[in-house]
Amino acid sequence: MNKYFHLDELNTNIRTEILAGFTTFISMSYILFVNPNVLGAAGMNQGAIFTATALSAAFGTLMMGLYAKYPIATAPALGINAFFSYSVVIGMGVNWQTALAAVFVASLIFILITIFKLREMIIDAIPSDLKFAISSGIGLFIAFLGLHQGGLVVANKSTVVGLGSFTTPTTWLTVIGLIVTSILLVKRVPGAIFIGMAVTAIAGLVTGLIPMPHHIISGAPSLKPTFGVGMEYFSHINTVQLWVVVLTFLLVTFFDTAGTLVGLAQQAGFMKDNKMPRVGKALMSDSSAMLVGSILGTSPVGAYVESSAGIAVGGRSGLTSVVTAICFILGMFFSPLLPVVTNQVTAPALIIVGVLMAQSMKRVHWEKLEIAIPSFLIVIGMPLTYSISDGMALGLIMYPLTMIAAKRGKEVHSIMYALFFIFIVFITILNVK
């Protein structure tokens, strides 16, 4: 084990790696409960999603540990799962089976562009400022979703949105969870998000606002309602609108994962000459996980920033990821707790993850208007249009225009000009009634 994972070379040991793997799992285990809630809004079976989430996370994380040998975990990504449910299924009226087929198609393309190293080419073509803006915008969108689901922000005819009512008892569960999670994060307590969710759930159970579960441990829920559905509906991807959905799944997952991988590699000290060693294997691991996830029945899988918790306690090898993967497999047997994890329990997690993702904004060159304007449109566009893809479109359309106006048009990569036209078509399609 020491030889395979190069523990001595990385100045780590088995004990540290096990602790790091468990820490990473605790930090991101909330996705087991949040993902079924988010995708459940699309009409999908929450039990099946629970199992699909655990298995896809375990597979991708195991690949990352054994093949790429990185202490980086993967799981169905927050933000893109919200796009799946609220933009594609609810917003566009696409049934979840076809939306799952779109994820399947996107994952196939993902693997192809990884094999031919096109992902690396595209990473180089997209300006770093826009990558950071996309990550931040998704964070704001997730936070807005959490604020709304938790009852802190509600619709208001006079002002579009407004502060929720604190006379609603369940809203206080969100407040309690947000305060507890925030304090734990500030004090750098490992698993702060998970602990915050647990405290919120316990408060709900004690007060009777959340029904008491009949069991805690049981067999993993069946995958039958979702398994293979994406492949069965493959032929339904036959309109321009659905191909735009496929492209959006591809682009959002691409940008989010690429940024996360680079950020975690920098934190762990893996970057050499501004390049990430074994990046091809890391990219193949997450793209394979996305394919497996689409077959099992969940939204796109990507690298998780919460892996930073494991890295922070000393995780440096693939053994960390192997331990995290084992924890996800064991986590499948706690599905009876699903009814306990209500919107008010998951809302603080969404808000806090939004805070973590929004930190990427500090890396945007706001002093340069040709960069600031498209970046701002991406960041603010996602939550205000309640759509990740629309926010991306606003910024990626504006970017070539502002760069040309600044007489920097030659600095814009040809791929960016191609995306300019692609997103104009995208916006046009979405507005055709």
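Residues numbered from 1 in each chain as written. Predicted model: local features only at pLDDT ≥ 70, side-chain atom pairs only at ≥ 80, totals over all residues. Heavy atoms only, no water.

### Details of the overall build of the protein
Put simply, the rule is: Only DSSP runs of H or I with at least four residues qualify as helices, and only runs of E with at least two residues qualify as strands; both kinds are numbered from the N terminus onward. Throughout, radius of gyration means the C-alpha value; the globule benchmark is 2.2 Å times the number of residues raised to the power 0.38. Here a residue-residue contact requires only that any non-hydrogen atoms of the pair lie within 4.5 Å. Each accessible area is a Shrake-Rupley result for a 1.4 Å probe, and residues are judged covered by the shown protein chains and nothing else.
Across its full length, the protein carries 19 helices and four strands. Taking 433 residues into account, the globule formula puts the C-alpha radius of gyration at 22 Å, and the protein, at 21 Å, falls close to it. Dimensions of the protein, computed from C-alpha atoms along their principal axes, come out at roughly 60 × 60 × 45 Å. The long-range share in the protein, meaning contacts at least 24 apart out of those at least 6 apart in sequence, stands at 80%. Roughly 18000 Å² of accessible area belongs to the protein as shown, and the carbon and sulfur atoms make up 68% of that amount.

### Looking at the pattern of salt bridges
The condition is simple: What makes a salt bridge here is a side-chain nitrogen of Lys or Arg within 4 Å of a carboxyl oxygen of Asp or Glu, nothing more.
This structure, assessed with the given rule, holds two salt bridges. A salt bridge links Arg 408 to Glu 370; its shortest N-O distance comes to 2.6 Å. Here the residue Arg 408 occupies a position in the loop between α18 (388-405) and α19 (414-430), and Glu 370 occupies one in helix α17 (residues 369-384), the gap between them amounting to 38 residues. Between Arg 408 and Glu 411 there is a salt bridge whose closest N-O contact spans 2.9 Å. Sharing partners across several salt bridges, the network here consists of Glu 370, Arg 408 and Glu 411.

### Some details on the packing of helix α4 (residues 46-66) against helix α15 (residues 318-331)
How two helices sit against one another is set out by the angle between their axes and by the gap between those axes. The condition is simple: Axis geometry follows a simple rule: fit a line to the C-alpha atoms, using only the stretch in contact for helices, then measure angles between N-to-C directions, giving values from 0 to 180 degrees. Oblique is the label for every angle not falling under 35 degrees (roughly parallel), over 145 degrees (roughly antiparallel), or within 65 to 115 degrees (roughly perpendicular). Two helices cross in a left-handed way if the nearer one is turned anticlockwise from the farther one by less than a right angle. They cross in a right-handed way if the turn is clockwise. Note on residue categories: nonpolar means Ala, Val, Leu, Ile, Met, Phe, Trp, Tyr, Cys or Pro, charged means Asp, Glu, Lys or Arg, and polar means any other residue, Gly included.
Put simply, α4 and α15 touch, their axes get as near as 8 Å, and they point 165° apart. Classified by the interaxial angle, the pair formed by α4 and α15 is roughly antiparallel. Crossing hand, α4 versus α15: left-handed. Where α4 abuts α15, its residues Phe 50, Ala 54, Ala 57, Ala 58, Thr 61, Leu 62, Met 64, Gly 65 and Leu 66 lie against Gly 318, Ser 321, Val 322, Thr 324, Ala 325, Phe 328, Ile 329 and Gly 331. Tallied by class, the residues present in the contact of α4 with α15 amount to 11 nonpolar, six polar and no charged.

### Let's talk about the side chain of Thr 98
By secondary structure assignment, the location of Thr 98 is in helix α6 (residues 96-115). When neighbours within four sequence positions are excluded, Thr 98 is seen to be in contact with Tyr 233, His 236, Ile 237 and Leu 242.

### A short note on the side chain of Gln 97
Stated precisely, the cut-off is as follows: For every residue, the accessible area (1.4 Å probe, protein chains only) is compared with the maximum for its type, and the residue is labelled buried under 20%, exposed over 50%, or partly exposed between those bounds.
Within the secondary structure, Gln 97 sits in helix α6. For Gln 97, a relative accessible area of 18% gives the class buried.

### Points about the nonpolar core
Note the cut-off: Nonpolar core, defined: a set of buried Ala, Val, Leu, Ile, Met, Phe, Trp, Tyr and Cys residues in which side-chain atoms within 4.5 Å join the residues together.
Tyr 30, Leu 78, Phe 84, Met 197, Phe 249, Met 392 and Phe 423 are the most contacted members of the largest nonpolar core, which totals 100 residues. Among all residues touching Met 197, those that are not within four sequence positions of it are Tyr 30, Phe 33, Val 34, Val 341, Val 345, Thr 346 and Ala 349.

### What to know about the packing of aromatic side chains
Selection rule: Pairing of aromatic rings covers Phe, Tyr and Trp, the last through its six-membered ring, and needs centres within 6.5 Å; plane angles under 30 degrees mean stacked, over 60 mean edge-to-face, and all others mean tilted.
Applying the stated rule across the entire model yields 12 aromatic pairs. Arranged with centres 6.1 Å apart and planes meeting at 35°, the rings of Phe 84 and Phe 249 form a pair that is tilted. Note that Phe 84 is positioned in helix α5 (residues 80-91) and Phe 249 in helix α12 (residues 240-268), a separation of 165 residues in sequence. Of the two residues, Phe 84 and Phe 249, neither departs from the other in class, the shared state being buried.

### Some words on the packing of α4 against helix α13 (residues 279-296)
Two elements in contact, α4 and α13, have axes whose closest approach is 8 Å; the angle formed by their N-to-C orientations is 160°. Here α4 lies roughly antiparallel to α13, going by the angle between them. Between α4 and α13 lies a crossing of right-handed hand. Note on element contacts: α13 touches α4 through Ala 282, Met 284, Ser 285, Asp 286, Ser 288, Ala 289, Val 292, Gly 293 and Leu 296, opposite Ala 52, Leu 55, Ser 56, Phe 59, Gly 60, Met 63 and Met 64.

### Considering α12
As a reminder of what qualifies: Given a helix with a known number of residues, its expected span is that number minus one, times 1.5 Å.
Compared with an ideal rise of 1.5 Å per residue, which puts 29 residues at 42 Å, α12 spans 42 Å between its outermost C-alpha atoms and is within 8% of the ideal. After α12 finishes, the residue Gly 269 shows a positive phi value of roughly 80°.

### Remarks on the pairing of strand β2 (residues 153-156)
What counts is decided by this rule: Between any two strands, at least two bridges found by DSSP are needed for them to pair.
Relative to strand β3 (residues 160-163), β2 is paired through four bridges, and the arrangement is antiparallel. By the bridge assignment, Ala 155 is partnered in β3 with Val 161. Joining the antiparallel neighbours β2 and β3 is a turn of three residues.

### Considering a nonpolar patch on the surface
This is how it is decided: Excluding any residue in a salt bridge, patches collect residues exceeding 30% relative accessible area, merging like charges within 9 Å and nonpolar Val, Leu, Ile, Met, Phe, Trp and Tyr side chains within 5 Å.
Among the surface-exposed residues, Leu 112, Ile 115, Phe 116, Leu 118 and Met 121 lie close enough to one another that they form a single nonpolar patch of about 510 Å² accessible area. Mapped onto the nonpolar patch, the elements with two or more residues apiece are α6 and α7 (118-125). Tracing the backbone through its elements, the reader meets Leu 118 in helix α7. The partly exposed category is assigned to Leu 118, whose relative accessible area is 35%.

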